[in-house]
Amino acid sequence: METVVITGASSGVGRASALAFARQGARLVLASRSEPALETVAAECRAAGAQVRIVVADVTRPETVRAVAAGEAVDVWVHTAAVMAYGRFEDVPADVFDQVVATDLLGAATVARVALAGFRARGRGVLIFGGSLLGTVVTPYTSSYVTSKWGLRALVRALRLETRDAPDIHVCLVSPGAVDTPIYRNAANFAGRIGRPPPPIDTADKVAEAIVRCARRPRGTVTVGAANRLILFGFVATPALYDLLVGPLMRIAGLSRERIGPHPGNVFAPPPASAESAGGGRKRPRRR
């Protein structure tokens, strides 16, 4: 029985991935900042027949990440923990910007240190990071998240180069476009309007399926999203046109009409368990 660790398991793609691996009979170690949400996910995974251990961990605190792997012979580590902040760069408080980067980029580096140490000791393992289309293109009002995801893509590439001496150790990046998860509503917001995923929108289950496939047949980078290649082409091939259009399109499709005052969202602390789920309510989950 393989052991799969998922950091960021309480919500979104991490939660959907936990259920996908549970249905395949994996033994799961689930980690996030929210114990109540983890308990709910663990119950769902146990109902699917999986053995589950939960660990309350914050990826910005290395000692808690080390506790996730303590005593475990990990076969697959999936890292999807992330937070987000909306607003113009100069409107987002410095501590919020820095904490997004600390969570989304430096937290990923902490996970990599712990996971790769275990993989090196065993001589094998698959480390899968949840990336984003925003690791290859840029949108306004999301500067901290974009900065983190661009950095994550570079980190993953460096790790792949540095593990070439270990052919059974794989470092992978699964990069979706817009996904229906709670991250947009739970995000810090200094834009005055609640964020939302712009179309076309995929389900968290679809991304989770790509993660499971990547665990079985590791690939360096996996893209999920019908429009990703077209958007990337526009960003690279016609940058002036992209820059002209992306602002208005973001205001129309990436920000809802629902007004909200400035707040730090879940950047510094987890949201209520009721605000954490696999989906964000914009797409119907697939029937099984």
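It should be noted that the structure appears before, not after, this text.
Fair warning: this is a prediction, and the values are worked out from it, not measured in the lab.

Novice: How would you explain the sheet that holds strand β3 (residues 51-56) if you had to name every residue and give the values?
Specialist: Here we have 7 strands laid out as an open sheet, ordered β3-β2-β1-β4-β6-β7-β12, and parallel in their pairing. Each edge of the open sheet is held by one strand with a lone partner, namely β3 and β12 (221-224). Going across the sheet, the axis of each strand differs from the next one's by a mean of 15 degrees, ignoring polarity. Sheet analysis places strand β7 (residues 169-176) next to β12, joined by 4 bridges and oriented parallel. Each bridged residue has a counterpart across the sheet, and for Pro 176 the counterpart in β12 is Val 224. Contacts from helix α2 (residues 35-47) reach β2 (27-32) and β3 within the one sheet, and its direction differs from that of β3 by about 170 degrees. Contacts from helix α3 (residues 62-69) reach β1 (3-7), β2, β3 and β4 (76-79), with the element oriented near 165 degrees to β3.

Novice: Explain the nonpolar core residue by residue, including any values.
Specialist: Counting residues in each nonpolar core, the largest one holds 39 residues, and the members touching the most others are Val 68, Trp 77, Phe 119, Leu 127 and Phe 129. Put simply, the parts of the chain that give this core at least two residues each are β2, α3, α4 (94-122), β6 (125-130), α5 (143-162) and β7. Broken down by element, this core gets its largest block of residues, 12 residues, from α4. Residues Ile 6, Ala 22, Cys 45 and Val 126 belong to the second largest nonpolar core, which totals 37 residues.

Novice: Go over a nonpolar patch on the surface, please, and point to the residues and values.
Specialist: Where nonpolar side chains cluster on the molecular surface, the patch consists of Leu 241, Leu 244, Leu 245 and Leu 249 and spans about 400 Å² of accessible area. With respect to the helices, strands and loops of the structure, Leu 245 is situated in helix α9 (residues 239-254).

Novice: Any details on the packing of aromatic side chains? Residues and values, ideally.
Specialist: Under the definition given, this model contains 3 aromatic pairs. When the ring of Phe 235 is compared with that of Tyr 242, the centres are 5.0 Å apart and the planes differ by 85 degrees; the resulting orientation is edge-to-face. Summarising the burial analysis for this pair, Phe 235 and Tyr 242 share the class buried. Members of the aromatic cluster, connected to one another through ring pairs, are Trp 150, Phe 235 and Tyr 242. For the cation-ring pair, Arg 153 lies above Trp 150, with the distance from its terminal atom to the ring centre recorded as 5.0 Å.

Novice: Describe the pattern of salt bridges, naming the residues involved and giving the relevant values.
Specialist: Taken as a whole, this structure holds 10 salt bridges when the rule is applied. Salt-bridge contacts for Glu 44 lead to Arg 15; the nearest nitrogen and oxygen are separated by 3.5 Å. One end of the pair, Glu 44, is in helix α2; the other, Arg 15, is in helix α1 (residues 12-23), with 29 residues separating them in the sequence. Judged by its relative accessible area of 33%, Glu 44 is partly exposed. Across the pair Asp 75 and Arg 124 runs a salt bridge whose closest N-O atoms are separated by 2.8 Å. A residue pair is termed long-range when its members are at least 10 positions apart, and Asp 75 in the loop between α3 and β4 and Arg 124 in the loop between α4 and β6 qualify at 49 residues. You can call Asp 75 buried: its relative accessible area is 13%. Judged by relative accessible area, Arg 124 falls into the partly exposed class, the value being 39%.

Novice: Lay out α2 with the relevant residues and their values.
Specialist: Because an α-helix packs 3.6 residues into every turn, residues spaced three or four apart end up facing the same way. In a regular helix each residue adds 1.5 Å, so 13 residues correspond to 18 Å; α2 covers 18 Å between its end C-alpha atoms and thus fits that length. Among all positions in α2, only Ala 37, Leu 38, Val 41, Ala 42 and Cys 45 are buried. The buried residues of α2 all sit within an arc of 135 degrees when viewed along its axis, so they share a single face. Turned more than 90 degrees away from the buried face of α2, the exposed residues are Pro 36 and Ala 47. Against the buried residues of α2 lie α1, β2 and β3. Two or three places before Ala 37, at the start of α2, stands the capping residue Ser 34, its side-chain oxygen 3.3 Å from that residue's backbone nitrogen. Looking one or two residues beyond α2, the residue adopting positive phi is Gly 49, at roughly 100 degrees.

Definitions and cut-offs
- Residues numbered from 1 in each chain as written.
- Predicted model: local features only at pLDDT ≥ 70, side-chain atom pairs only at ≥ 80, totals over all residues.
- Heavy atoms only, no water.
- Pairing = 2+ DSSP bridges.
- Helix = DSSP H or I, 4+ residues; strand = E, 2+ residues; numbered from the N terminus.
- Axes fitted to C-alpha atoms, helices over the stretch in contact; angles between N-to-C directions.
- Contact = heavy atoms within 4.5 Å.
- Core = buried A, V, L, I, M, F, W, Y, C linked by side-chain atoms within 4.5 Å.
- Buried < 20%, exposed > 50% of the residue type's maximum accessible area, 1.4 Å probe, protein only.
- Patch = residues over 30% accessible without salt bridge, like charges linked within 9 Å, V, L, I, M, F, W, Y side chains within 5 Å.
- Areas by Shrake-Rupley, 256 points an atom, 1.4 Å probe, with all protein chains shown as cover.
- Salt bridge = Lys/Arg side-chain N within 4 Å of Asp/Glu carboxyl O.
- Phe/Tyr/Trp six-rings, centres within 6.5 Å; stacked < 30°, edge-to-face > 60°.
- Lys NZ or Arg CZ within 6 Å of the ring centre and 35° of its normal.
- Expected span 1.5 Å × (residues − 1).
- Arc of directions from axis to C-beta.
- Polar contact = N/O pair within 3.5 Å; in protein donor to acceptor, adjacent residues only side chain to side chain.

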